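Residue-level structure breakdown
Take a look at the letters that make up each chain.
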Amino acid sequence: SGSTDCICYSTVGISDPVTSALHIIVGDCQPLDVSSVHHNNTFLKYSASLLGYGFYGDILKDSEKKRWMGPMRYDYSGFKTFLSHHYYEGTISFQPAKHTPGSPRDKDSCRTGCYICKKSEQQLAKQHKECGLKHEEDEEEWKVIKGKFLAINAVNMSCACPRSPKGLSPAAHLADGSADLILVRKCSRFDFLRYLVRHTNQDDQFDFSFVDVYRVKSFQFTSKPSEDNESNVTDIGKKRFGQFCRDHPVCCCNIANSTWNCDGETLDSSAIEVRVHCQLMKLFARGIEENCKDEAAYSQNSVEQLL
């Protein structure tokens, strides 16, 4: 399921073909939220795991030109994109997911038989029955955030993988009808590196003043339009030095638009509308099961410490 196997890791807990085959044979079923991506009321694509603008979009766009490098292209493009440190100006509008009892920072991971997913499904069904889907969406208030962003990520699952055991959003749920919207504002290279390193350890990656995370059921993004009153000299300079800036990542000049990374595929439309569809797809999986041995050892250690 892709270079990182994040869908497999987030729904099964391991990337193992024998385990997946057994899930198919037994007939295990795991519902999964899916986001639909639109531009100007026109459907573009579905997203099951990650929608990334800015950092992850730039990595994908650059790596597509270097397929001859194999998997190493992601490391090369990632390092190059980190050095470029481009930020993008725009406006994010979103509808908070009020139907789900969880939050992105509650450290309540999605596991087999997740009660948050079940409760969210029941709450959504109740709301749709009482108000109707269209009426409910019209009444829900939208929150608007404007700013300069290094990365804008929306995930329907934790997006865990071998390099990031907890994923981009450790408490994201597979089937609660919502996505975790992560906004990384413009900051220094050092701070951004600290944020990226947090994905590889157990520390809270949202514990930064320049990082905001929201649980949403839909959102819209519009990039800042190019200035129309720029002088001809500036336009000539942009055309003349544009290629230089693209080829030399150490340049910190701002680029107007990035590319959306939609499950590892590029979306050239910077202005998009995204809606999360609760449990739209079903997989042969059972979710991640808790390790009983680890829980028993943890309980025993806790008792010993109390005694």
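Structural data are supplied above this passage.
Residues numbered from 1 in each chain as written. Predicted model: local features only at pLDDT ≥ 70, side-chain atom pairs only at ≥ 80, totals over all residues. Heavy atoms only, no water.

Moving on, we get to the layout of surface pockets. A volume near 1300 Å³ is recorded for the largest pocket. Around the largest pocket, the lining comprises 34 residues; the ones closest to its centre are T4, Y56, Y74, C161 and R163. Of all elements in the fold, only α1 (6-11), α3 (55-63), α4 (72-84) and α7 (189-197) reach the threshold of two or more residues within the lining of the largest pocket. Take the lining of the largest pocket: its biggest share by element is six residues, from α4. (1 Å grid on protein atoms, 1.4 Å probe; cavity = no way out; pocket = protein on both sides within 12 Å on 5 of 7 lines; lining within 4 Å. Points joined across faces, edges and corners; volume = space filled by probe spheres on them. Helix = DSSP H or I, 4+ residues; strand = E, 2+ residues; numbered from the N terminus.)

What follows covers the packing of aromatic side chains. Counted according to the given criterion, the structure contains 13 aromatic pairs. Aromatic pair F82 and F192: ring centres 6.4 Å apart, planes at 15 degrees, arrangement stacked. Of this pair, F82 sits in helix α4 while F192 is found in helix α7, placing the two residues 110 residues apart along the sequence. Judged by its relative accessible area of 15%, F82 is buried. Geometrically, the ring pair formed by F221 and W260 is edge-to-face, given 5.9 Å between the ring centres and 75 degrees between the ring planes. Taken together, the positions of F221 in strand β7 (residues 211-223) and W260 in strand β8 (residues 260-262) put the pair 39 residues apart, joining distant regions of the chain. (Phe/Tyr/Trp six-rings, centres within 6.5 Å; stacked < 30°, edge-to-face > 60°. Buried < 20%, exposed > 50% of the residue type's maximum accessible area, 1.4 Å probe, protein only.)

Quick look at the environment of K66 now. For K66, the position within the fold is in the loop between α3 and α4. We classify K66 as buried; its relative accessible area is 13%. If sequence neighbours within four positions are ignored, K66 has contacts with R73, Y76, S77 and K80. (Contact = heavy atoms within 4.5 Å.)

On to a nonpolar patch on the surface, then. Residues V18, L22, I25 and V26 make up a contiguous nonpolar surface patch of roughly 420 Å² in combined accessible area. You can see V18 is positioned in helix α2 (residues 17-26). (Patch = residues over 30% accessible without salt bridge, like charges linked within 9 Å, V, L, I, M, F, W, Y side chains within 5 Å. Areas by Shrake-Rupley, 256 points an atom, 1.4 Å probe, with all protein chains shown as cover. Salt bridge = Lys/Arg side-chain N within 4 Å of Asp/Glu carboxyl O.)

Mapped onto the secondary structure, N261 falls in strand β8. Here G264 takes part through its backbone nitrogen, which lies 2.9 Å from a polar atom of the side chain of N261. Setting aside anything within four residues of it in sequence, one finds N261 in contact with L50, L51, G52, Y56, G57 and L60. (Polar contact = N/O pair within 3.5 Å; in protein donor to acceptor, adjacent residues only side chain to side chain.)

What follows deals with unusual backbone geometry. In the Ramachandran plot, K107 falls in the positive-phi region, its phi being about 60 degrees despite a non-glycine side chain. Among the structural elements, K107 can be located in the loop between β4 (88-96) and α5 (115-131). By relative accessible area, which is 71% here, K107 ends up exposed. Positive phi outside glycine occurs at C159, with the angle close to 60 degrees. Along the chain, C159 falls in the loop between β5 (143-155) and β6 (179-185). Owing to a relative accessible area of 9%, C159 belongs among the buried residues under this scheme.

Function cannot be inferred from these measures alone, as they are strictly geometric.
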